[in-house]
Amino acid sequence: MDNPLSDLDRPNSYIGRSVPRPNAARLLAGQGRYVDDLRLPRMLHAAFLRSPFAHARIVSVDTAAARAMQGVAGVFTRADMDGVCTPWVGTLAHFTGLKSAPQGPLAGERATWQGEPVAIVCARSRAEAEDAAALIDIEWEELEPLPPLAAALEAAPLHPELRDNLAFTRAVDVGGADSAFALEDSVVVEAAFRTGRHTGVTLEPRAILADWQPGEEKLTVHHSFQAPHMMREVLSKHLALPEAAVRVVCGDVGGSFGIKVHIYPDEIATCVASRLLGRPVKFIADRLESFTSDIHCRDHEVAARLAVGPDGRLRALEMDDVTGIGPYSVYPRTSAVEGNQVVNLTGSWYALPAYKARLRVAFQTRTPTCQYRAVGHPVAVAVTEGLMDLAAERLGMDPAALRRLNLIPDDAYPHTSPAGLRFEALSLQKSFDKLLAMMDYDALRRDQAEARSRGVYRGIGLASFVELTNPGPAFYGIGGAPISAQDGTMVRLDPGGSVTVSSSVTEQGQGTEAVLAQVVAHQLSIPVKDVRVVTGDTERTPYGGGTWASRGAGIGGESALQAARALKANILALAGAVMQADPSDLDLRDGQVVDAAGAPRMAMAEVGRLGYFRVDLLPPGFQPEFSVIRHWLPRQYPFAFTNGAQASYLEVDPDTGFVKLLGHWVVEDCGTVINPLLVDEQVRGGVVQGIGAALLEECLYDERDNLLTGSMADYLVPMMGEMPDIAVGHVETPTKESVLGAKGAGEAGTAGAPAAVMNAINDALRPLGAAKIQQQPATPERILRALGKV
Amino acid sequence: MSETILRLTVNGEAVEATAPARTHLIDFLRERLELTGSHAGCEHGVCGACTVRVNGDAVRGCLVLAAACEGAEVWTIEGLTATGEVAALQEAFRERNALQCGFCTPGMIVAAAELLRDVKSPTREEIRDHMSGNYCRCTGYHAIVDAIETASRA
Ligand code: FES
Ligand code: FES
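Residues numbered from 1 in each chain as written. Chains lettered and ligands numbered in written order. Predicted model: local features only at pLDDT ≥ 70, side-chain atom pairs only at ≥ 80, totals over all residues. Heavy atoms only, no water.

**So, the sheet that holds strand 16 (residues 314-324) of chain A**
All names here are of chain A. Taken in spatial order, the 5 strands make up an open sheet running 7-17-16-15-8, and their pairing is mixed. Of all strands in the sheet, those with a lone pairing partner are strand 7 (166-173) and strand 8 (187-195), marking the two edges. Pairs of neighbouring strands in the sheet enclose a mean axial angle of 5°, with direction left out of account. Along the sheet face, helix 11 (residues 377-395) touches strand 8, strand 15 (300-308) and strand 16 and points at about 145° away from the line of strand 8. (Pairing = 2+ DSSP bridges. Helix = DSSP H or I, 4+ residues; strand = E, 2+ residues; numbered from the N terminus. Axes fitted to C-alpha atoms, helices over the stretch in contact; angles between N-to-C directions. Contact = heavy atoms within 4.5 Å.)

Here it is as structure tokens:
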């Protein structure tokens, strides 16, 4: 490792070290504390009546029977909430032209997707609340659902005041594409790509416990969520409460992946119900509710083509993306980001002289879509890398060689992509070379040929990619969203020499707390077990954005590093004052203040004792400051791009269409790796989600837009039996924006895996003359269709 | 709602409690006995988050009615932790970072303990096979397989 911080000779040096997470033992013992584990005095349980139709007018609602049921404390509809909670609109100023309609905590006169909450029942138990919800009498007038994707753009507007169903559109043309495609010697390949609508399926469903304390005029919300400060802003604004009257606490969160970072009507309705009743109200989504009301994503239809010269050099890429977002753009991050990212990212890791793209985002009468892990990347990578394989086949070139020829060279940074993305420094070539070495590409090709001679169809799929991490204010803040791009960490020396850290980044299992503890322990040279980290509480941490878009380590970690350095300076200042030494001659080593020769001079506990209890012994006017807060955000680049490459090796059974995964390899460059143990498994988890997209996961609807995949028996997710071992390698190109040099690692796996798997399937089927499969998931049925067997 | 009286042994202690007849074991454990270490992920028998041990076997707490456990011997992650029976598995999971959010983890441990009871040194394939009813959305499963492998050889 060439990172100067990785001085592993010292015992309390933690950067780059695989130390287990401090919170793991607790979770392993069943001592996690998730929202559903909490119980408060007088707590009520919420159940929702949801629209059974994709699109229907609510003619009348009669809640009398439900209200009369024993155990029921309150039943509310939109009319009951209008005076307490103002509606919201999911638009942001920097997405020019993005439009959406006002949305409230419950459907008003009309339901616009199956599963939209219409009424909330609060009762002593969930079972009673559900029984009462079944007694609510609603007269519906069913309306026509919108037709799928592109056709929706021509249909009558879902929200008449918006005039049409085009929520957002964007076009990019850097010039030169048309002429490149027209060149006589250009080899042009084209394809239609389809990514399935899918969703997060966090094992812990969405969960919220809202506790309005009338005596204090304060709303405390225990929330399975990634961005507590954002939630606080939203509640404060729409429930008209001062910010200080809202506390959002995120304890243990059972997986999030971008699902738990949006404003959901049912969660706001739960808060409003608590306010109206003056009692705590808990809502835990059940699995059916999760499938119909968690955000969906990746519903894209992309037509794309690529022009390549006879020498294999890329000349131009053109693509047209139509995506559907459901009836509303989701508040406050909007539903334009995913499509926008597809346009920004496609082709951006190759030396591409010309690029032309169009995006159209359509309203639908299906569950709203929004940002989910790797936002837009899997689509952009599938399109780009799918085209690369088609081009290689047409040129008769090895697909690895074609990629190697066109990747942006490692010495060509900084680089600006055709769509305007700025890359500080990437290692695309080095990562790709490392991938080929790890998988032993040539040996796999030989194995593939040998298998084919036995009538066994194996395929190799490759995919390079870039990944957007550490977003600055350009992502949301400039558009007016109440989302902080900076994060803050407080580091406090305790009198006995241990350290308490509180940070605005949050933990959902990635190991945020472990990473912060490692960074602080490293700076102060103390054992990591002496550092205790607090996150996820708007009353107990500095202000900041939370953890999403892979920003925990890169942004939160740097704020922790800066705070720890400042605390160290204050510690050394006190030691210097007491010992009459120049603080710059002192350092911290293994819990001791040491002098220039490295000899221990004063224990941290002694520093703490003097600083807190015996200030009288310090020189007059010397004020110890042992609680230090630092905030940090990247400023030179709007995002820290990372890069990587993936490969899949698999076998397709041409008789059944079944795919058996034989191996998967990832090389990821996320800058400084703080804890390889955590990063590797996070990358693998991302890969498995990407494999799910490629092979299994899809939200299916019938022609009335009824969701057909409302249980885990219908919506298939990857399970242990069918997943391969996944080899992970690293290249480290630290960002120079921060001292720590860490970038994010959360999206890489999900970004690249679908493309690698799809390419491998097409590679396996090539000798059989099958049609290309560019539709995810590649189910057995679709594979048999491509083979002309069904 | 009609409540039934239940007598059973949970984590080695005799328990007598009432619950509505329709209550599933997982809700009975979590709500009546405050054993919140076992989780409900799908309530459909698919995800394995609710896996607990009943009369020696790993079962899905969301598929079994509490009333059907009259007289049964039930062990949850809390009890298995207290007796130290799953300590080697827990340590291997911790060392290998075979968990992230931890929501699947108690169910994973109970299922893995059953495998290690029956098979002394399972292969990776046998591990994947046995554990394929336990869903994890966070890890890539690889670390879980590693951890179980390590524990089996401890
Ligand atoms: S909750 Fe029992 S299997 Fe999912
Ligand atoms: S660790 Fe989160 S579901 Fe397994």
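That covers the picture; the talk isn't over yet.
**Here we look at the UniProt feature "domain: Aldehyde oxidase/xanthine dehydrogenase a/b hammerhead" (unreviewed entry) in chain A**
The UniProt entry lists residues 29-144 of chain A under the feature "domain: Aldehyde oxidase/xanthine dehydrogenase a/b hammerhead" (unreviewed entry), expressed in the numbering used here. Between the first and last C-alpha atoms of residues 29-144 of chain A the distance is 51 Å; the span itself is 15% helix and 30% strand. (UniProt positions renumbered as here; feature names shortened; annotations may be inferred.)

**Observations concerning the layout of surface pockets**
If you add up the space inside the largest pocket, you get close to 1500 Å³. As for the largest pocket, its lining consists of 49 residues, of which A:S125, A:R126, A:A127, B:D27 and B:E31 are closest to the centre. Contributing elements (two or more residues each) for the lining of the largest pocket: strand 1 (44-50), helix 4 (126-133), strand 13 (281-284) and helix 9 (287-293) of chain A together with helix 1 (25-32) of chain B. The element that contributes the greatest number of residues to the lining of the largest pocket is helix 1 of chain B, accounting for 6 residues. Among the residues making up the lining of the largest pocket, the classes are represented as 18 nonpolar, 11 polar and 20 charged. Of the voids in this model, the second largest pocket is the one considered here, and its volume is about 890 Å³. Broken down by element, the lining of the second largest pocket gets its largest block of residues, 5 residues, from strand 23 (residues 531-535) of chain A. Residue composition of the lining of the second largest pocket, grouped by class: 17 nonpolar, 10 polar and 10 charged. Looking at the lining of the second largest pocket, you find at least three residues from each of domain 1 (5-32 + 486-632) and domain 2 (35-143 + 201-293) of chain A. (1 Å grid on protein atoms, 1.4 Å probe; cavity = no way out; pocket = protein on both sides within 12 Å on 5 of 7 lines; lining within 4 Å. Points joined across faces, edges and corners; volume = space filled by probe spheres on them. Nonpolar A, V, L, I, M, F, W, Y, C, P; charged D, E, K, R; others polar. Domains from an automatic or database assignment.)

**Description of the domain arrangement of chain A**
Residues and elements named next belong to chain A. Here chain A is partitioned into domain 1 (5-32 + 486-632), domain 2 (35-143 + 201-293) and domain 3 (296-473 + 636-786). Here the C-alpha centroids of domain 2 and domain 3 sit 35 Å apart. Domain 2 puts 38 residues into the contact, and the matching count from domain 3 is 33 residues. Between domain 2 and domain 3, a total of about 2900 Å² is buried, with carbon and sulfur atoms accounting for 64% of that surface. The interface formed by domain 2 and domain 3 contains 1 salt bridge. In this structure, the salt-bridge partner of R704 is E142, at a minimum N-O distance of 3.2 Å. At the boundary of domain 2 and domain 3, one finds 13 residue pairs in polar contact (both at pLDDT 80 or more). Elements supplying a minimum of two residues to the side of domain 2 that touches domain 3: helix 7 (228-238) and helix 9. Of the residues forming the side of domain 2 that touches domain 3, the biggest block, 5 residues, is contributed by helix 9. (Buried area = accessible area lost by both parts, 1.4 Å probe. Salt bridge = Lys/Arg side-chain N within 4 Å of Asp/Glu carboxyl O. Polar contact = N/O pair within 3.5 Å; in protein donor to acceptor, adjacent residues only side chain to side chain.)

**What to know about the pattern of salt bridges**
All names here are of chain A. Considering all chains together, one arrives at 71 salt bridges over all chains under this definition. Of the charged contacts, one joins D266 and R206 as a salt bridge, the two residues approaching to 2.9 Å between their closest N and O atoms. Highlighted residues: D266 in helix 8 (residues 265-277) and R206 in the loop between strand 9 (198-199) and strand 10 (207-213), separated in sequence by 60 residues. Put simply, D595 and R601 hold a salt bridge, and the shortest N to O gap is 3.9 Å. Judged by its relative accessible area of 44%, R601 falls in the partly exposed class. (Buried < 20%, exposed > 50% of the residue type's maximum accessible area, 1.4 Å probe, protein only.)

**Some words on the domain arrangement of chain B**
Residues and elements named next belong to chain B. Assigned domains of chain B: these are domain 1 (3-80) and domain 2 (84-153). A C-alpha centroid distance of 21 Å is found between domain 1 and domain 2. Contacts between domain 1 and domain 2 engage 16 residues on the former and 17 residues on the latter. At the boundary of domain 1 with domain 2, total buried surface from both sides reaches about 1300 Å², with 54% on carbon and sulfur atoms. Here domain 1 is connected to domain 2 by 2 salt bridges. In this structure, E85 and R53 form a salt bridge, with 2.8 Å as the shortest nitrogen-oxygen distance. Where domain 1 meets domain 2, there are 9 residue pairs in polar contact (both at pLDDT 80 or more). Broken down by secondary-structure element, the contributors of at least two residues to the side of domain 1 that touches domain 2 are strand 3 (51-54), strand 4 (57-60) and helix 2 (77-83). In terms of residue class, the side of domain 1 that touches domain 2 is built from 8 nonpolar, 5 polar and 3 charged.

**Brief notes about the environment of B:V10**
Mapped onto the elements, B:V10 comes out in strand 1 (residues 3-10). In this structure the C-alpha to C-alpha distance between B:V10 and B:L33, which are 23 residues apart in sequence, comes to 9.2 Å.

**Remarks on the interface of chain A and chain B**
Interface size, as often reported, equals the accessible area lost upon joining of the parts. Chain A puts 52 residues into the contact, and the matching count from chain B is 52 residues. Both sides of the chain A and chain B interface together cover about 4300 Å² of buried area, and 58% of this is carbon and sulfur. On the chain A side of the interface with chain B, the three residues burying the most area are A:L28, A:L203 and A:M720, jointly 21% of the side's total. With a shortest N-O distance of 2.8 Å, A:E697 and B:R137 are connected by a salt bridge. In this structure, the connection of chain A to chain B is made through 29 residue pairs in polar contact (both at pLDDT 80 or more). Residue assignment for the side of chain A that touches chain B shows that the elements contributing at least two residues are helix 1 (24-28), helix 4 and helix 18 (676-695) of chain A. Per-element tally for the side of chain A that touches chain B: the top contributor is helix 18 of chain A, with 8 residues. For the side of chain A that touches chain B, a count of residues per class yields 26 nonpolar, 13 polar and 13 charged.

**A few points about the nonpolar core**
All names here are of chain A. In this structure, L235, I268, M439 and L462 are the most contacted members of the largest nonpolar core, which totals 131 residues. Considering each element in turn, this core owes the most residues, 10 residues, to helix 11. Shared between two domains, this core holds at least three residues of each, these being domain 2 (35-143 + 201-293) and domain 3 (296-473 + 636-786). Those residues in contact with L235 that lie beyond four places of it in its chain are L219, V221, A240, V246, V248, I268 and C271. If you look at the next biggest cluster of nonpolar residues, it comprises 89 residues, including L27, Y264, V330 and V679. (Core = buried A, V, L, I, M, F, W, Y, C linked by side-chain atoms within 4.5 Å.)

**With respect to the pairing of strand 15 of chain A**
All names here are of chain A. In this sheet, strand 15 lies alongside strand 8 in antiparallel orientation, the contact comprising 9 bridges. Bridge pairing links A192 to A303 in strand 15. Linking strand 15 back to strand 16 in an antiparallel pair, the connection comprises 5 residues, with G312 at a positive phi of about 90°.

**Things to note about the side chain of A:H45**
Topologically, A:H45 is positioned in strand 1. Ignoring sequence-local partners within four residues, the contact set of A:H45 consists of A:V121, A:C122, A:A123, A:R124, A:S125, A:R126, A:A129 and A:K282.

**Digging into the side chain of A:R279**
Residue and element names in this part refer to chain A. Inspection of the secondary structure assignment puts R279 in the loop between helix 8 and strand 13. Although R279 is buried, it forms no salt bridge, and the closest oppositely charged side chain is D211 at an N-O distance of 9.1 Å. In terms of polar contacts, R279 uses its side chain to reach the backbone carbonyl oxygen of R42, at 3.0 Å. The residues touching R279, leaving out its near neighbours within four places in the chain, are R42, L44, A73, A210, W212 and S274. (Lys, Arg positive; Asp, Glu negative; His and termini not counted.)

**Overview of unusual backbone geometry**
Residue and element names in this part refer to chain A. Look at the link from Y413 to P414: it is a cis peptide, with omega at 0°. Within the element layout of this structure, P414 appears in the loop between helix 12 (399-406) and strand 18 (415-416). Residues Q776 and P777 are joined by a peptide bond in cis, for which omega reads -5°. With respect to the helices and strands, P777 occurs in the loop between helix 19 (748-765) and helix 20 (780-786). For R42, which is not glycine, the phi dihedral falls at a positive 65°. Following the sequence through the fold, R42 ends up in the loop between helix 1 and strand 1.

**Let's talk about the packing of helix 3 (residues 87-96) of chain B against helix 4 (residues 105-118) of chain B**
Residues and elements named next belong to chain B. Interaxial distance between helix 3 and helix 4 falls to 10 Å at its minimum, and their mutual angle equals 125°. As the angle between them shows, helix 3 and helix 4 are arranged oblique. The element helix 3 and its partner helix 4 pack so that their crossing is right-handed. When helix 3 is examined against helix 4, the residues L89, Q90 and F93 are found in contact with a partner set consisting of T105, M108, I109, A112, A113 and L116. (Parallel < 35°, antiparallel > 145°, perpendicular 65-115°, else oblique. Left-handed = near helix turned anticlockwise from the far one by under 90°.)

**Brief notes about the confidence of the model for chain B**
Chain-level statistics for chain B give a pLDDT mean of 96 and a share of 99% at 70 or above. At the level of chain-chain contacts, confidence expressed as ipTM amounts to 0.98, with global pTM at 0.96. (pLDDT = per-residue confidence, 0-100.)

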